[in-house]
Amino acid sequence: MRLTIRTNLALRTLMYCGVHGDRVVRTQEIAEACNASGNHLAQVIHTLGQLGFVCTERGRRGGVRLGRAMDDIGIGNVLRAFETDVPFAECFSADNSCPLTPACRLRPAIAAAVEAFYAAFDDLTLEDLVEGNEGLATILAHDSAQSVRKAPLCSAAG
């Protein structure tokens, strides 16, 4: 199993925002720290925002910040949100044309394996990945002189 680039960028973005949880961060600084295309990252951030994982703020002082507390962002939920649109095998897609499907015994095993993969992440939160992880904090450090501004988590209306 391999995570899509979008899922990888979503996780990197959440970790970056978690490390910098006390401020709004710019998309460009996330892109630089995570070796990502700014345009591709913007699409991922848009999806993260629609899902409520982050809040985005437009304008000169705008940027991205966590939309929930880190202990409320389940990694299994993030993976499911980004990966479920990508069928693991042809027989899971809407346009399945595999002639073996009616008699295939592999499909249920694949389905169980994929669910076990996601389940392995269900008890893992963003907080588990970020809190006390000095190595991650060092890698994702950013010059505080360029910080946009301090900000709390998004409000319910946010």
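Residues numbered from 1 in each chain as written. Predicted model: local features only at pLDDT ≥ 70, side-chain atom pairs only at ≥ 80, totals over all residues. Heavy atoms only, no water.

**Some thoughts on the environment of His40**
Right, so step 1: Here His40 is to be found in helix α3 (residues 38-50).
Right, so step 2: The exposure class of His40 is partly exposed, given its relative accessible area of 25%.
Right, so step 3: Sequence separation between His40 and Arg6 is 34 residues; the distance between their C-alpha atoms is 8.0 Å.
Right, so step 4: Excluding its chain neighbours within four sequence positions, the residues that come into contact with His40 are Ile5, Arg6 and Leu9. (Helix = DSSP H or I, 4+ residues; strand = E, 2+ residues; numbered from the N terminus. Buried < 20%, exposed > 50% of the residue type's maximum accessible area, 1.4 Å probe, protein only. Contact = heavy atoms within 4.5 Å.)

**Remarks on the packing of aromatic side chains**
Right, so step 1: Overall, the coordinates contain 2 aromatic pairs when judged by the stated rule.
Right, so step 2: Both rings, one in Phe117 and one in Phe121, keep their centres 5.2 Å apart while their planes meet at 65°; by these two values the pair is edge-to-face.
Right, so step 3: By relative accessible area, Phe121 is classed as partly exposed at 24%.
Right, so step 4: Within the aromatic cluster, the residues linked to one another by ring pairs are Phe117, Tyr118 and Phe121.
Right, so step 5: Lying across the ring of Phe92, Arg107 places its NZ or CZ 4.3 Å from the centre. (Phe/Tyr/Trp six-rings, centres within 6.5 Å; stacked < 30°, edge-to-face > 60°. Lys NZ or Arg CZ within 6 Å of the ring centre and 35° of its normal.)

**Focus on helix α5 (residues 106-119)**
For an α-helix the count is 3.6 residues per turn, leaving residues at separations of three or four pointing the same way.
Right, so step 1: Compared with the 20 Å implied by 1.5 Å per residue over 14 residues, the 20 Å span of α5 between its first and last C-alpha is a close match.
Right, so step 2: Of the residues making up α5, those classed as buried are Ile110, Val114 and Tyr118. Angularly, the buried residues of α5 cover 75° about the axis, an arc narrow enough to put them on a single face.
Right, so step 3: As for α5, its buried residues are in contact with α4 (75-83). (Expected span 1.5 Å × (residues − 1). Arc of directions from axis to C-beta.)

**Description of the pairing of strand β3 (residues 63-66)**
Right, so step 1: For strand β2 (residues 54-57) and β3, the ladder comprises 4 bridges, and the chain directions are antiparallel. For Thr56, the partnering residue across the bridge sits in β3 and is Val64.
Right, so step 2: Linking β2 back to β3 in an antiparallel pair, the connection comprises 5 residues, with Gly59 at a positive phi of about 100°. (Pairing = 2+ DSSP bridges.)

**Overview of the confidence of the model for the chain**
Right, so step 1: Residues at a pLDDT of 70 or more form 88% of the chain, whose mean pLDDT is 85.
Right, so step 2: Here strand β4 (residues 149-150) stands out as the least confident element of the chain, with mean pLDDT 44; helix α6 (residues 126-130) is the most confident, with 96.
Right, so step 3: Low pLDDT, under 50, characterises residues 144-150; the predicted model gives this stretch 14 contacts beyond four residues in sequence or across chains. (pLDDT = per-residue confidence, 0-100.)

**Quick notes on the packing of helix α1 (residues 5-19) against α3**
Relative placement of two packed helices is described by the angle separating their axes and the distance separating the axes.
Right, so step 1: Relative orientation of the contacting elements α1 and α3 amounts to 70°, with a least axis distance of 9 Å. One element, α1, and the other, α3, form an angle in the roughly perpendicular class. Contacts from Ile5, Arg6, Leu9, Ala10, Thr13 and Leu14 of α1 reach α3 at His40, Leu41, Gln43, Val44, Ile45, Thr47 and Leu48. (Axes fitted to C-alpha atoms, helices over the stretch in contact; angles between N-to-C directions. Parallel < 35°, antiparallel > 145°, perpendicular 65-115°, else oblique.)

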